[in-house]
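# Structural description and commentary
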Amino acid sequence: MAVLKVKFTKTKRDKLAQILWILNWFSVVSGIILFSLGLFLKIEIKKRNEVMAKGDINSVPNMLISVGVIACIINFLGGKICYDCSDANKFSRWKLVMLPYIVCTFCFTFCILVGALMCYTMRNELEESLYLGLRDAIKFYKDTDIPGRCFLKKTVDLLQIGFRCCGNNGFRDWFEIQWVSPRYLNMASKEVLDRLKSNVDGKFLVDGVPFSCCNPSSPRPCIQYQLTNNSAHYNYDFLTEELNIWMKGCREALLDYYTSIIRSIGIAALLIWLFELSVLIGVRYLQTAMKNVLLLGDLEGESDGWLLENSFVETAKYNINVIKNLGKANQISTVSGMNDPNIDVQNTNCDKTNVTTKSIPAAR
């Protein structure tokens, strides 16, 4: 029994073909939108590439870009097919192409759904990439004279100012690394030498942060050094008073920024998927309705259209059997009672010569 069978008159078939022709052009636009969203996300990720560890975070934008390009091509072809389907004579040219086209479009539509779901599973990979990238960027913040790292100080400072953040997880991350370059340390100072000797690794650690962590909206001058020393500043208590530096870590700030972008892209991809799925359903109805018209032979009469010719269970069983029987077409059937008539046939007198030999007359 056919699934969701609908009866179409010639007028309804023509209107369906015209509507699908228009919708396929909208689908081409949706493909351009998917391509643009993927390209935008790829550019945004590349902007902060210095503070991200290498990983698979580009898989989502690459997926959207690829699907967008395929959408433009496949929907352009679909528009041409639907336009010709308004004429039964022209449909005969696409008769053998439409079913493979529908299958390919279904697979492509499924890829859009996968791309949309990947947008919501990207957060964990992005968080890990940001954590590792920011950790290394802060670690090499002081290396302003080393090629390949000299740009990191500027990158981190602009990042902290632009996103109003400090450190990786928070401002205390700066307490655990030496972020002041050795060229700016006075090795003749007893205080500097004592700090270097007090650390196992010989690092110059201070309870201070770079200037880019300062909050310009704070009413008092920025306190960068001795943040946890109440006696070093007048009328100051770091436990109760809100510090005049950014409290949020840059990983959290960047993660919130990218999450909002990815969620918006995911919603747009889901809406495009629903639109493409509705177009695909319409094309399937048009294909079955036009096919049945040709079978009936009455191009002006009514015809049935459906999504599946048989029930879901029967269709699933049929497809499973097709998959199981792949590659078995050339094998000999071994079903009992079904023997090849050419097997076990006795070949009699195959080695005997029954041709009579005629005597050759002697020459005279």
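Residues numbered from 1 in each chain as written. Predicted model: local features only at pLDDT ≥ 70, side-chain atom pairs only at ≥ 80, totals over all residues. Heavy atoms only, no water.

## A short note on the state of the cysteines
This is how it is decided: Put simply, a disulfide is two cysteine sulfurs that come within 2.5 Å. Only runs of H or I of at least four residues qualify as helices and only runs of E of at least two qualify as strands under DSSP, and these elements are numbered from the N terminus. Relative accessibility thresholds used throughout: buried, under 20% of the residue-type maximum; exposed, over 50%; partly exposed, between the two (1.4 Å probe, protein chains only).
Scanning the model with the defined rule gives three disulfides in all. Two residues, Cys165 and Cys250, share a disulfide whose sulfurs are 2.1 Å apart. Residues Cys165 and Cys250 are joined through a disulfide that is right-handed, its torsion about the S-S bond being 85 degrees. Of this pair, Cys165 sits in the loop between α4 (152-163) and α5 (190-198) while Cys250 sits in helix α6 (residues 250-296), placing them 85 residues apart in sequence. With respect to burial, Cys165 and Cys250 carry one shared label: buried. Here Cys214 pairs with Cys222 through a disulfide, and the sulfurs are 1.8 Å apart. Linking Cys214 and Cys222, the disulfide has an S-S dihedral of approximately -75 degrees and is accordingly described as left-handed. Taking the relative accessible area as the measure of exposure, Cys222 reaches 32% and is therefore partly exposed. Take the cysteines of the protein chain that form disulfides and number them in order along the sequence; they join up as 1-6, 2-3, 4-5.

## Brief notes about the environment of Gln287
Rules: Every residue pair with non-hydrogen atoms within 4.5 Å of one another is taken to be in contact. Distance and chemistry together define a polar contact, namely a pair of N or O atoms within 3.5 Å, with one atom able to donate a hydrogen and the other to accept it when in protein, and with adjacent residues in sequence counting only for side-chain atoms on both sides.
Mapped onto the elements of the fold, Gln287 is located in helix α6. Spatially, the C-alpha atom of Gln287 lies 9.0 Å from that of Trp306, the residues being 19 residues apart in sequence. Contact partners of Gln287, with chain neighbours within four places excluded, come to Phe91, Met98 and Ile102. Here the side chain of Gln287 touches Arg284 through a polar contact of 2.7 Å, side chain to side chain.

## Here we look at the packing of aromatic side chains
Spelled out, the test is: Pairing of aromatic rings covers Phe, Tyr and Trp, the last counted by its six-membered ring, and requires centre-to-centre distances within 6.5 Å; plane angles under 30 degrees mean stacked, over 60 mean edge-to-face, and any other angle means tilted. For a ring to carry a charge above it, either NZ of a lysine or CZ of an arginine must fall within 6 Å of the ring centroid while also lying within 35 degrees of the normal to the ring plane.
One pass over the structure, following the stated rule, counts eight aromatic pairs. Grouping aromatic residues by their ring pairs yields a cluster made of Tyr141, Trp174, Trp179 and Tyr225. Between the NZ or CZ atom of Arg149 and the centre of the ring of Phe140, over which it lies, the distance is 3.8 Å.

## Things to note about the pattern of salt bridges
Just so we agree on the cut-off: Salt-bridge detection follows one rule: a side-chain nitrogen of Lys or Arg within 4 Å of a carboxyl oxygen of Asp or Glu.
The full count for this structure, using the stated rule, is eleven salt bridges. Close ionic contact of Asp157 with Lys153 constitutes a salt bridge, the shortest N to O distance being 2.9 Å. In this pair, Asp157 and Lys153 are both assigned in helix α4, four residues apart and thus about one turn of the helix distant. In the salt-bridge network here, residues are joined through shared partners; they are Glu44, Lys47 and Arg48.

## Some details on the UniProt feature "transmembrane region" (unreviewed entry) in the protein chain
Put simply, the rule reads: UniProt positions are given in the numbering used here, feature names are shortened, and annotations may be inferred rather than shown by experiment.
As annotated by UniProt and renumbered to match this structure, "transmembrane region" (unreviewed entry) occupies residues 20-40, 60-78, 98-120 and 265-286. In this annotation, residues 98-120 is assigned 100% helix and 0% strand; the end-to-end C-alpha distance for the span is 34 Å. Each end of residues 265-286 is marked by a C-alpha atom, and these two atoms are 31 Å apart; helix forms 100% of the span and strand 0%.

## Details of the environment of Leu41
On the secondary structure map, Leu41 appears in helix α1 (residues 10-47). By relative accessible area, which is 0% here, Leu41 ends up buried. Each C-alpha atom, one on Leu41 and one on Val60, is 8.6 Å from the other, the two residues being 19 residues apart in sequence. If we skip the residues at most four places from it in the chain, Leu41 touches Val60, Pro61, Ile261, Ile262 and Ile265.

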